[in-house]
Amino acid sequence: MSRGIIAASTYKARLPVPALAPFYYLKNFERVLSTIASRYEDLLLAHELRFITAFQQAPLNSRALLARMVMRQGDLFRASKIEYSEIGETRAAADPLIEAGWVSDRPLLDIKQLQGLLTKAELVRCLKLPRRYADWRKADLQAMLAATFTERRDFRDWCADPGDLVYALLVTPVCERFRLLFFGNDWQSWTDFVTADLKIFNFEKIAQHAHSRPFQTRAQIDQFQRLRECRELLLDGTPYSELVRMVPEAIGDSDWLEEERQKLIFGIAREHERAGDTQAALAMYLRCTHRGARTRAIVLKSRARDWEGTRALCLKARANPASEEELQRVRRILPRVCLKLGLPATSEDPAPVIPEFELVLDGRPRARAVEYLVRDHLALELVDGDTVRYVENGLVNALFGLLCWPAVFAPVAGAFFHDFHRAPADLASGHFYNRRKNDFEVCFSHLETDHYRKVIWTVFKKKWGIQSPFVRWHSLDRALLQWALDCFPAAHLRAWFEWIVRDVRENRAGFPDLVQFWPAERRYRLIEVKGPGDRIQDNQKRLLEYCLAHRMPVSVCYVRWSQDRPESRSADGKQSRRIPAEN
DNA sequence: AGGGGGTCTG
DNA sequence: TTCACACAATCTG
DNA sequence: GATTGTGTGTCTCAGACCCCCTGA
Ligand SMILES: [Mn+2]
Ligand SMILES: [Mn+2]
């Protein structure tokens, strides 16, 4: 084989790989540092300030290397994998950031760290192992090597490769804290800069003056980190007595931190419950303000056969329900409890009857999601099969997100911290709607005239592709939107939207699987598909009942496979409630 | 050699 | 920091 | 029937790369 052929066969045609500008990471890290320095001027500790100052005074290449390491995953990097354009071509003989101990260019690596840096083939070559080890599975190789090599060595002492070295990032604690100060959470990372700059994700632009800082005091920062530790301990199955002592005291000066704290307490109570320690769980639930805590307390009390206590809690919950779910569960539990106590069951309106019909389909079960089969079956008889769509929550959420775009991204204090928000920070907080009531009123008022169609189309075109918690762009197209605007009455839109803002977290999900449009008649219906063995979920039931109360055309389609025997479901009185599949 | 799963990349 | 589904196990009346 | 918990498939940004498996 000639060299040319080898070269041609090993050459990988590189599709347009996005390239980052020279010193890309440095520029962004400097932006971050100056943001943090000015925003947290009053809160930074001496060693954090010292780091910032030392960084800013270091020479270009030195800064670029550190910035590159901070903003990428991991804390060990092979020099040969870092492009010159990222950090510059030459390195100073004496690097002040290395001398200060922020970075090391000769870290001692154990065999496992070395293995993380090299492929299996490279590892075998570097360690001068017999060629046959390259055929071992990597896990076996790792076990064998761990037993053979127990010492830590500099990379250049492990490998005879003179051209390469390894850098280690040693300031991880400070950088992790800066990440927290910048993003206000611990799930976002510096890679958001990259994905945003490459236009992989587009974020709504929030005016700088509307940005706030997530932490107002040093104590809040410490409390957040404490909560994070507790969450990790909880996952590790730490003894609860120890864990409970770790939980911070009530946080009076930050709503969202206190909510995080309550969420942690709820999680700990949940673990108590699972471990069978009902007493402790109940006590924690009763003191916990996290959504759902009171519901759990009701369940535990009724399980303990404390009927009086259960009833008292139920009545309290019914008078002031924390959520639709709580109300639903109280409605189910309270009659049973009253029965136990010999009290007359409080009269409730009977649950509305959800229209349903049955569809008998051929074909193998499980071949494809049953929703698609029903969609295609319904589409068969239509001129335009596209008018039946499998949308689930996507469509109504998108309409809501488009009409209410200005409210969702309203510059509320404490909602936006940086340029990478998919949603305001308090979206799921329970205060979300109240803090934007006026903005939502403006948006909803468009529904009183035909104006809302224009508003939705305008936002659709103007904001296309921008991340939103309610709009998933790839599941939207113009035809779908057009039919939705033609066929959904404004009153129905308003009812759905009010349902969503009532409890964003809980009520944005549960919409039926399919939507069918009759554009000529400006008519629609929603269909929840249920395969055999699938029953209506609680949140679907709540939404369907709400829709029925607003006289919307919703129904449930029960699917039966043609080779199966008819279910008893169709044998009893329910048959009469069926509505035909057509119309 | 080729496919699938997982991870990293920009 | 998904959501919905399929299925199993358990308890209750 | 109610309830809870489990696993799974779907979504993730697409493509390159690594590792492992299968089967000629
Ligand atoms: Mn569904
Ligand atoms: Mn369904």
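Keep in mind that this is a model prediction, so the values were computed, not measured.

Is there a simple way to think about the coordination of the manganese ion (ligand 2) in this case?
Geometry sets the ideal angles at a metal, namely 109.5 degrees for four tetrahedral donors and 90 or 180 degrees for six octahedral donors. Around the manganese ion (ligand 2), the protein supplies D513 (OD), E528 (OE) and V529 (O) as donor atoms, at distances of 2.0 to 2.2 Å. The sequence motif formed by the donor residues of the manganese ion (ligand 2) is D-x14-E-V. Here the manganese ion (ligand 2) and the manganese ion (ligand 1) are spaced 3.5 Å apart, with D513 acting as a shared donor. Here D513 is found in the loop between α28 (504-507) and β8 (514-518), whereas its partner E528 is found in strand β9 (residues 523-530), with 15 residues between them in sequence. On the basis of relative accessible area, E528 is assigned to the buried category, the value being 2%.

Looking at this structure, I do not really get helix α4 (residues 60-70). What am I missing?
Residues lying three or four places apart along an α-helix face the same way, a consequence of the helix completing one turn every 3.6 residues. With 10 of 11 residues buried, α4 is to be regarded as a mostly interior element. Among all positions in α4, only N61, S62, R63, A64, L65, L66, A67, R68, M69 and V70 are buried.

Looking at this structure, I do not really get the packing of aromatic side chains. What am I missing?
Centre-to-centre distance and the angle between the planes together describe a pair of aromatic rings. Tallied over the entire structure, the rule returns 42 aromatic pairs. On the numbers, 6.2 Å between centres and 45° between planes, the contact of F51 with F178 is tilted. On the criterion of sequence distance, the pair formed by F51 in helix α3 (residues 46-57) and F178 in helix α11 (residues 172-183) is long-range, its members being 127 residues apart. Grouping residues by exposure puts F51 and F178 together as buried. Each ring, one from F182 and one from F183, has its centre 5.0 Å from the other, and the planes form 85°; the classification is edge-to-face. The rings of F182, F183, W190, F193, F201, F203 and F420 are connected pair by pair, giving a single aromatic cluster. Directly above the aromatic system of Y133 lies the positively charged group of R132, at a separation of 4.8 Å from the ring centroid. The ring of W158 has R153 lying over it, and the distance from NZ or CZ to the ring centre is 4.3 Å.

Help me understand the protein's contact with DNA strand C, please; the structure alone is not making it clear to me.
Taken together, 15 residues lie near DNA strand C, and W187, K340, N393, G510 and D534 sit nearest. Near-protein atoms of DNA strand C (within 4 Å) split between backbone and bases, with sugar and phosphate holding 68%. Contact distances for DNA strand C include 3.2 Å between a base nitrogen and a side-chain N or O atom of W187. Contact between DNA strand C and E528: a phosphate oxygen at 3.1 Å from a side-chain N or O atom of the residue. Split by residue class, the surface near DNA strand C holds 2 nonpolar, 5 polar and 8 charged.

Conventions used here
Residues numbered from 1 in each chain as written. Chains lettered and ligands numbered in written order. Predicted model: local features only at pLDDT ≥ 70, side-chain atom pairs only at ≥ 80, totals over all residues. Heavy atoms only, no water. Donors = N, O, S within 2.8 Å, 3.2 Å for Na, K, Ca; no water. Helix = DSSP H or I, 4+ residues; strand = E, 2+ residues; numbered from the N terminus. Buried < 20%, exposed > 50% of the residue type's maximum accessible area, 1.4 Å probe, protein only. Phe/Tyr/Trp six-rings, centres within 6.5 Å; stacked < 30°, edge-to-face > 60°. Lys NZ or Arg CZ within 6 Å of the ring centre and 35° of its normal. Near = heavy atom within 4 Å. Polar contact = N/O pair within 3.5 Å; in protein donor to acceptor, adjacent residues only side chain to side chain. Nonpolar A, V, L, I, M, F, W, Y, C, P; charged D, E, K, R; others polar.

All we've got here are geometric facts, nothing functional implied.
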